[in-house]
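Tertiary structure, described
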Amino acid sequence: MYDVIGIGIGPANLGMAALLDDEDVTCCFFEQETEFAWHPGMLIKGMDLQVSFLADLVTMANPRSRYSFLNYLHEVNRLHRFYTFEQFDIPRREFNAYLTWVADQLASCQFGMKVESVVDGQEGYLVKVRRLKDDAVFEYQAKHVVLGTGSKPMIPVDVPDAALPYVTHSSRYLDQQKALHEAESVTVIGSGQSAAEIFLDLLQYQKTGQQLSWFTRSSEFRELKTAELGQELFTPKYVEYFHSLPYEERLNTLPRLTGLRNGIDASTLSRIYQELYHRSVSGEDPPVLIQPMTELKEIHITDHTQLELHLKQWQINKEKKMKTDQVVLATGYKPNIPTWFQAYEPLIEWESEDHFKVTEDFRLVFKDKRSHHFFTFTHLDHSHGTAATNLKLSTYRNQKVIQTIRGEKETPKKQETAFQQFNE
Ligand SMILES: Cc1cc2nc3c(=O)[nH]c(=O)nc-3n(C[C@H](O)[C@H](O)[C@H](O)COP(=O)(O)OP(=O)(O)OC[C@H]3O[C@@H](n4cnc5c(N)ncnc54)[C@H](O)[C@@H]3O)c2cc1C
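Residues numbered from 1 in each chain as written. Predicted model: local features only at pLDDT ≥ 70, side-chain atom pairs only at ≥ 80, totals over all residues. Heavy atoms only, no water.

1. Description of the packing of aromatic side chains
Under the counting rule described, the total for this entry stands at 30 aromatic pairs. Judged by centre distance (5.1 Å) and plane angle (85°), the rings of Phe53 and Phe82 are edge-to-face. Note that Phe53 is positioned in the loop between strand 2 (27–31) and helix 2 (69–75) and Phe82 in helix 3 (residues 79–85), a separation of 29 residues in sequence. Here Phe53 matches Phe82 in class, with each residue buried. With a centroid separation of 5.7 Å and an interplanar angle of 75°, the aromatic rings of Phe341 and Phe374 are classed as edge-to-face. One end of the pair, Phe341, is in the loop between strand 16 (333–335) and strand 17 (374–376); the other, Phe374, is in strand 17, and 33 residues separate them in sequence. No difference in accessibility class separates Phe341 from Phe374, as the two residues are buried. Above the plane of the ring of Phe366 lies Arg370, whose end atom (NZ or CZ) is 3.6 Å from the centre. (Phe/Tyr/Trp six-rings, centres within 6.5 Å; stacked < 30°, edge-to-face > 60°. Helix = DSSP H or I, 4+ residues; strand = E, 2+ residues; numbered from the N terminus. Buried < 20%, exposed > 50% of the residue type's maximum accessible area, 1.4 Å probe, protein only. Lys NZ or Arg CZ within 6 Å of the ring centre and 35° of its normal.)

2. With respect to the pattern of salt bridges
Scanning all chains against the criterion turns up 26 salt bridges. For Asp134, the salt bridge is made with Arg131, and the minimal N-O distance between the two is 2.6 Å. We classify Asp134 as partly exposed; its relative accessible area is 40%. The salt bridge involving Lys400 is made with Glu240; its shortest N-O contact spans 3.9 Å. A residue pair is termed long-range when its members are at least 10 positions apart, and Lys400 in helix 13 (residues 394–406) and Glu240 in helix 8 (residues 236–244) qualify at 160 residues. The class for Lys400 is buried, based on a relative accessible area of 17%. One salt-bridge network, held together by shared partners, links Asp21, Asp22 and Arg66. (Salt bridge = Lys/Arg side-chain N within 4 Å of Asp/Glu carboxyl O.)

3. Concerning the site of the ligand
Glu31, Trp38, His39, Gln50 and Leu391 are the nearest of the 27 residues found near the ligand. Between the ligand and Gln50, the relevant distance is 2.8 Å, taken from an oxygen atom to a main-chain nitrogen or oxygen of the residue. Contact with the protein chains removes 86% of the 980 Å² of surface that the ligand exposes when unbound. Residue assignment for the shell around the ligand shows that the elements contributing at least two residues are helix 1 (11–20), strand 2 and strand 4 (113–121). Of all the elements, strand 4 adds the most residues to the shell around the ligand, at three residues. Tallied by class, residues from the shell around the ligand come to twelve nonpolar, twelve polar and three charged. (Near = heavy atom within 4 Å. Polar contact = N/O pair within 3.5 Å; in protein donor to acceptor, adjacent residues only side chain to side chain. Areas by Shrake-Rupley, 256 points an atom, 1.4 Å probe, with all protein chains shown as cover. Nonpolar A, V, L, I, M, F, W, Y, C, P; charged D, E, K, R; others polar.)

4. Some words on the sheet that holds strand 12 (residues 294–302)
If you walk across this open sheet you meet the three strands as 12-13-14, and the pairing is antiparallel. Looking at strand neighbours, the two that pair on one side only are strand 12 and strand 14 (318–324), the edges of this open sheet. Averaged over all pairs of adjacent strands, the angle between strand axes in this sheet comes to 20°, irrespective of strand direction. Direction of pairing for strand 12 relative to strand 13 (residues 306–313): antiparallel, over a ladder of eight bridges. For Thr302, the partnering residue across the bridge sits in strand 13 and is Gln306. (Pairing = 2+ DSSP bridges. Axes fitted to C-alpha atoms, helices over the stretch in contact; angles between N-to-C directions.)

5. With respect to the packing of helix 5 (residues 173–182) against helix 6 (residues 193–204)
It is the contact of helix 5 with helix 6, at a shortest axis distance of 11 Å, that shows an interaxial angle of 35°. In the crossing of helix 5 with helix 6, the sense of the turn from one axis to the other is right-handed. In this structure, helix 5 contributes Tyr173, Gln177, Leu180 and His181 to the contact, and helix 6 contributes Ile198, Asp201 and Leu202. (Left-handed = near helix turned anticlockwise from the far one by under 90°. Contact = heavy atoms within 4.5 Å.)

6. Description of the sheet that holds strand 15 (residues 326–329)
The strand order across the open sheet formed by five strands is 8-15-9-10-11, and the pairing between neighbours is parallel. Every interior strand has two partners, whereas the edge strands, strand 8 (167–169) and strand 11 (288–291), have only one. Direction aside, neighbouring strands of the sheet carry axes that sit 15° apart on average. Note that strand 9 (residues 185–189) and strand 15 share four bridges and pair parallel. Residue pairing across strands places Val186 opposite Gln326, the latter belonging to strand 15. Packing of helix 6 onto the sheet brings it into contact with strand 9, strand 10 (211–215), strand 11 and strand 15, and relative to strand 10 it is tilted by some 165°.

7. Quick word on the pairing of strand 6 (residues 136–147)
Bridge analysis of strand 1 (residues 2–7) against strand 6 gives five bridges, and the strand direction is parallel. By the bridge assignment, Tyr2 is partnered in strand 6 with Ala142. Counted along the chain from strand 5 (residues 124–131) to the antiparallel partner strand 6, the turn is four residues long, and its residue Asp135 has a positive phi close to 65°. Pairing of strand 6 with strand 17 involves three bridges; the strand directions are parallel. Bridging from a neighbouring strand, Val145 pairs with Phe374 of strand 17.

Have a look at this one:
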């Protein structure tokens, strides 16, 4: 029996695997994809990670770990160049290369293995895993399990089957990049970081005559807040405070914090504006349409080849129909809870119909008393706040879980994490 089995290998569970390597905790992590890849459809050239490189898999918990980003740079002979680069924001493609380098070294990480069910076993869990290359099914036992299945695309409107070839969610952008660069007209929907990066990429490759449009339902193309005191809301101290609030208060607080998580980083916004400005010098503005306050209501297809978008400017209540060859839905993600999880729904406690109860150390709360735990790193906004999926706090989340698995009461050295206080 393993001490812990992790379901899904993204940065969350990969960090857990790295921290547990060489420890006396037996573990195994399963990933359905055949190799490690961090949001591969969005690894657009020239785009940066939105947190410092210090948010690697281990440093904030154990700066001496050999799985640190700096050790990666040392091993792949990039450390001197990185020193001269002098930036905390690293290319997202480099972060993916670093994560892949770690995953390749960890025997506990198995790829091409889809977890098909988890059920209660004796003093633990039975985890059924399908090896996708030959359909072989294996059953493993674990004392604890960690759900690290991440998120899945959110599609805000119905898409007719015939329209599917012309509709791309941002998570698959690179798969369709060539077709999008070559299309006669492309429309981007959304105003988060992904939407802005995609719009910038399309703008940079815009061919003569191509119509580019960008709509968002939001009232503006909002900049992400990055001031230091605001960033202290991404610290363990604030997360612990947020978790201690009553459920209703936590829900009320989330929208007030959206500016810290939802928005576009200043440099991406600036690069878009620079591109537009420089191109306008020649007197001929490029055929670009950018419009906030406009919601995508419906997608239709005409003649089996062209999309017709139904849009509504909500402030003046004006509806319009627009033809476009391709649309990119940068409309976000929702928690990816596997269907087999339904079996656990009656066994656990809920804060509401939509939100299961999660302890501060990321455990689901079972109606029966048990010492074998079911941890989750997904669907945590309501319990742990706006920092729930932030990479900076990934090592903190892992430390908390490992501490509980080990039965430790306190972290060996309690770190001060913010200047502000929240609960006085
Ligand atoms: C494009 C993009 C960029 C982001 N950039 C940043 C950033 O710069 N900074 C930041 O702080 N946050 C960022 N985030 C938010 C967040 O940090 C990431 O989404 C992060 O990848 C979450 O890690 P995770 O391990 O929880 O999930 P994921 O990375 O989504 O990994 C989950 C894995 O589980 C696997 N899986 C699912 N079901 C099963 C199953 N049944 N069996 C086996 N495997 C399964 C999936 O295939 C997937 O590989 C970004 C998010 C996106 C979408």
